[in-house]
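# Understanding the architecture of this molecule
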Amino acid sequence: MERLKPPWLRVRAPGAPLQLEKLLASLKLATVCQSAHCPNLPTCWGEGTATFLLLGEVCTRACRFCAVQTGWPGEKPDPQEPERLLQAAKALKLNHVVLTSVDRDDLPDGGAAHFAACIRLLRRELPQVTVEALIPDFGGQRAAIETVVRSGPQVVGHNLETVRRLTPRVRDPRAGYDLSLAVLKAVKELSPDTVTKSSLLLGLGEREEEVEEAILDLRAVGTDILVLGQYLRPSPAQLPVQRYLPPEEFARWADWARRIGFQAVVAGPLVRTSFRAAQALAAVRCGSS
Amino acid sequence: MEITVPALGEVEEVTVLQWLKGEGEEVEAGEAVVEVEADKAVFVVESPAAGRITRILIGAGDRARPGQPLAELQPP
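Below is a short write-up of the structure. (Residues numbered from 1 in each chain as written. Chains lettered and ligands numbered in written order. Predicted model: local features only at pLDDT ≥ 70, side-chain atom pairs only at ≥ 80, totals over all residues. Heavy atoms only, no water.)

### Focus: the interface of chain B and chain A
For an interface, size is often stated in terms of accessible area lost upon the parts coming together. Facing 24 residues of chain B, the contacting portion of chain A comprises 28 residues. For the pair chain B and chain A, the two sides together bury roughly 2300 Å², of which 52% comes from carbon and sulfur. Considering only the surface of chain B that becomes buried against chain A, B:E10, B:D39 and B:K40 emerge as the three largest contributors, covering 35% of it. Counting across the chain B and chain A interface gives three salt bridges. A salt bridge links B:E46 to A:R12; its shortest N-O distance comes to 2.5 Å. Remark: the boundary between chain B and chain A carries 16 residue pairs in polar contact (both at pLDDT 80 or more). Those elements that provide at least two residues to the side of chain B that touches chain A are β1 (2–4), β4 (32–37) and β5 (42–46) of chain B. Residue composition of the side of chain B that touches chain A, grouped by class: 13 nonpolar, four polar and seven charged. The sheet contact formed by strand β1 (residues 10–14) of chain A and β5(B) spans five bridges and is parallel. (Contact = heavy atoms within 4.5 Å. Buried area = accessible area lost by both parts, 1.4 Å probe. Salt bridge = Lys/Arg side-chain N within 4 Å of Asp/Glu carboxyl O. Polar contact = N/O pair within 3.5 Å; in protein donor to acceptor, adjacent residues only side chain to side chain. Helix = DSSP H or I, 4+ residues; strand = E, 2+ residues; numbered from the N terminus. Nonpolar A, V, L, I, M, F, W, Y, C, P; charged D, E, K, R; others polar. Pairing = 2+ DSSP bridges.)

### Details of the packing of helix α9 (residues 208–220) of chain A against helix α10 (residues 247–259) of chain A
All names here are of chain A. Where α9 meets α10, the axes come as close as 11 Å, and the angle between the chain directions of the two elements is 35 degrees. Between α9 and α10 lies a crossing whose hand is right-handed. Mapping the contact onto sequence places E208, V211, E212, I215 and L216 in α9 and W253, W256 and A257 in α10. Per-class residue counts for the contact of α9 with α10 are six nonpolar, no polar and two charged. (Axes fitted to C-alpha atoms, helices over the stretch in contact; angles between N-to-C directions. Left-handed = near helix turned anticlockwise from the far one by under 90°.)

### So, the sheet that holds strand β8 (residues 155–157) of chain A
Residues and elements named next belong to chain A. If you trace the eight strands from one edge of the open sheet to the other, you get β2-β3-β6-β7-β8-β9-β10-β11, paired in mixed fashion. With partners counted over all chains shown, the strands left at the sheet margins are β2 (30–31) and β11 (264–268), one partner each. Summarising the sheet, strand β9 (residues 195–202) and strand β10 (residues 225–230) pair through six bridges and their orientation is parallel. Paired with S198 across the strands is L226, a residue of β10. Most of the contacts of helix α4 (residues 81–91) go to strand β3 (residues 51–54), to which it runs at about 175 degrees, and overall it touches β3 and β6 (96–101). Together, β3, β6 and β7 (130–134) form the strand contacts of helix α5 (residues 112–125), whose direction differs from that of β6 by roughly 170 degrees.

### Quick notes on the pairing of β6(A)
Residues and elements named next belong to chain A. Across the six residues of β6, six count as buried, placing the element largely inside the fold. Across the two faces of β6 the burial is the same, with H96, V98 and T100 and V97, L99 and S101 all buried. By the bridge criterion, five bridges tie β6 to β7 in an arrangement that is parallel. Its bridge partner lying in β7, V97 is registered against V131. Regarding topology, α5 serves as the crossover connection from β6 to the parallel β7, and that connection is right-handed. (Buried < 20%, exposed > 50% of the residue type's maximum accessible area, 1.4 Å probe, protein only. Right-handed = clockwise from strand over helix to strand, strands pointing away.)

Following this line, the structure appears as structure tokens:
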């Protein structure tokens with residue numbers, strides 16, 4: 001343990017196995033909840049929601065905040081995964097399905113066609129369900145971004161993760177601050193009605209004016225939903241936490257971000273990109289956050 | 001019945017920080033009984049049912065894996 005946790009990083013958790021665990025294991029579906037050691041796992045899974053991790057559990061990138069295994073999978077996407085995902089969405093009676101994936105730089109389209117196949121199947125079979133796709137940068141390939149956007153998700157997320165100065169230190173060298181902004185901009189250009197979303201992890205050593213710049217940059221490319229969460233080190237192998245921001249500081253950033261035009265802001269120490277995702281989308285649709 | 005370390009995905013180990021209830025004590029369903037710490041957060045573990053804690057299996061300062069029993073619970 002790196003240091004004493006502040007009191008706001010205490011989470012209630014049931015001391016018994018969760019039903020969702022068995023279902024996901026039987027369907028051989030991965031979740032980012034598990035891979036990221038997410039502290040909200042007991043909360044979300046206890047409520048019957050999860051964020052699915054598509055395209056395997058090995059990522060071609062090696063971001064220094066992330067616990068997902070790095071490698072070069074080299075395998076084609078599992079053609080049965082969309083169907084299993086559909087089964088899970090039905091079994092869990094999800095109203096809002098959040099999909100994310102590892103980065104697949106080993107695939108020519110970065111996995112975009114597989115991502116799109118999953119979304120299309122969900123949209124076709126469960127038309128009342130909304131779908132949120134938290135996508136990688138696809139190396140900036142506009143065609144890959146378009147493939148996902150045209151499959152019809154209501155929300156497309158792509159995370160900026162950190163401020164410009166810290167990006168080379170925090171993210172994989174193939175990721176980029178401007179590249180991520182370009183991905184979010186491209187989504188809006190391709191489909192202005194698609195809700196876009198992005199997250200910043202705070203507590204990595206960023207300065208206040210740098211956070212301000214990042215939030216303004218996200219707004220400038222039309223991002224609708226802003227997510228701000230505390231960086232939490234998943235294991236001793238990742239970057240140490242530089243600072244634990246108190247809840248009030250998140251609240252101040254959230255107030256300011258709403259004033260400069262974000263349609264919804266989800267901010268707090270334990271907030272992650274897909275945490276309360278359904279509520280964030282509802283806030284956008286109602287025109288308030 | 002057992003009180004177990006919460007499901008925490010691929011977290012390998014947690015440390016038991018402190019017991020909020022002792023052996024022989026009665027607990028309600030959902031009552032906080034023990035705190036365990038992972039790298040990202042501290043989890044306040046709730047009893048899955050009402051009963052009496054008959055035996056604590058992992059003491060404060062010791063480590064355990066997700067899903068591992070922390071204590072035995074006897075229903076009333």
